[in-house]
Amino acid sequence: MTGVQDPFPASDFDDWAETYDQTLREPAAFPFDGYDQVLDAILRRANPQPGQSILDLGTGTGNLALLFAEKGCRLTCTDFSQAMLAKARQKLPGASFFLHDLREKLPSELHQPFDHIVSAYVFHHFDLDQKIRICADLVRNHLAPGGSLLIGDISFPSQAAQETFRQSIPDWEDEFYWLADESLAGLEKAGLTADYLQVSPCAGVYALRVG
Ligand SMILES: C[S@@+](CC[C@H](N)C(=O)[O-])C[C@H]1O[C@@H](n2cnc3c(N)ncnc32)[C@H](O)[C@@H]1O
């Protein structure tokens with residue numbers, strides 16, 4: 001990111017780490033309307049077995065990773081915010097942690113196949129081309145046979161659905177929210193097999209595997 005101002009710098013998330021879990025306990029509202037259901041949908045879709053290896057990207061304070069740890073999985077967690085990782089470490093004493101910017105290739109220590117790669121509420125910081133590039137690399141190079149990449153995030157079925165939803169949100173902020181119709185088409189064009197489940201009015205889960 002040298003020479004270009006990062007619109008979503010790690011320092012923003014360092015500042016948020018202390019109060020992040022508190023934000024989630026507030027009454028459900030955009031963008032976290034359906035947060036628990038999204039994490040649960042990822043878990044159910046993975047159907048994790050004890051001992052499986054899980055890579056959680058942009059783990060934040062570790063809420064998604066914790067659900068998999070409770071199922072007996074081995075967790076590797078990444079984030080580009082040191083403060084978020086420090087919070088996650090407190091919840092997940094048995095996990096491995098890596099400071100990593102998802103826009104960069106995975107570090108060599110993580111060049112091993114994972115049974116599932118998961119991520120929640122992170123990819124809406126990347127435009128569609130970046131999303132597809134990152135997903136293609138993860139699915140092709142970092143999944144064990146039969147594994148899946150499961151991404152829960154702020155997402156709408158289409159641009160029209162986003163526009164309708166947006167009317168109800170007074171302090172709407174434009175980010176790269178997923179639009180399922182164009183995202184699925186782009187992923188398919190890149191040779192990936194993907195399906196999508198709308199979980200709440202503003203969030204859903206993408207499941208990707210090698211086509
Ligand atoms: C909204 S929080 C979601 C945290 C967690 N996955 C959850 O579901 O609660 C977004 C997280 O993504 C991380 N993040 C944002 N951009 C990132 C990037 N480019 N590389 C790695 N982590 C990133 C932030 O530091 C933050 O921890």
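Before reading on, note that the structure itself is shown above.
As the structure is a prediction and not an experimental result, all values here were calculated from the model.

Definitions and cut-offs
Residues numbered from 1 in each chain as written. Predicted model: local features only at pLDDT ≥ 70, side-chain atom pairs only at ≥ 80, totals over all residues. Heavy atoms only, no water. Near = heavy atom within 4 Å. Polar contact = N/O pair within 3.5 Å; in protein donor to acceptor, adjacent residues only side chain to side chain. Areas by Shrake-Rupley, 256 points an atom, 1.4 Å probe, with all protein chains shown as cover. Nonpolar A, V, L, I, M, F, W, Y, C, P; charged D, E, K, R; others polar. Pairing = 2+ DSSP bridges. Helix = DSSP H or I, 4+ residues; strand = E, 2+ residues; numbered from the N terminus.

Student: Please clarify how the site of the ligand should be interpreted in this entry.
Tutor: Taken together, 20 residues form the shell around the ligand, and within it Tyr20, Tyr35, Gly58, Asp79 and Leu102 come nearest. Residue tyrosine 20 places a side-chain N or O atom 2.7 Å away from an oxygen atom belonging to the ligand. Between the ligand and the protein, one listed contact pairs a nitrogen atom with a side-chain N or O atom of arginine 103 at 3.5 Å. A total of 590 Å² of accessible area belongs to the ligand in isolation, and the protein chains cover 99% of it. Class assignment for the residues of the shell around the ligand results in 11 nonpolar, six polar and three charged.

Student: Could you clarify how one ought to interpret the pairing of strand 7 (residues 192–200) in this entry?
Tutor: In regular strands, side chains alternate between the two faces of the sheet. The pairing of strand 7 with strand 8 (residues 203–210) spans eight bridges and is antiparallel. Each bridged residue has a counterpart across the sheet, and for glutamine 198 the counterpart in strand 8 is glycine 204. A loop of two residues connects strand 7 with strand 8, the two strands running antiparallel in sequence.

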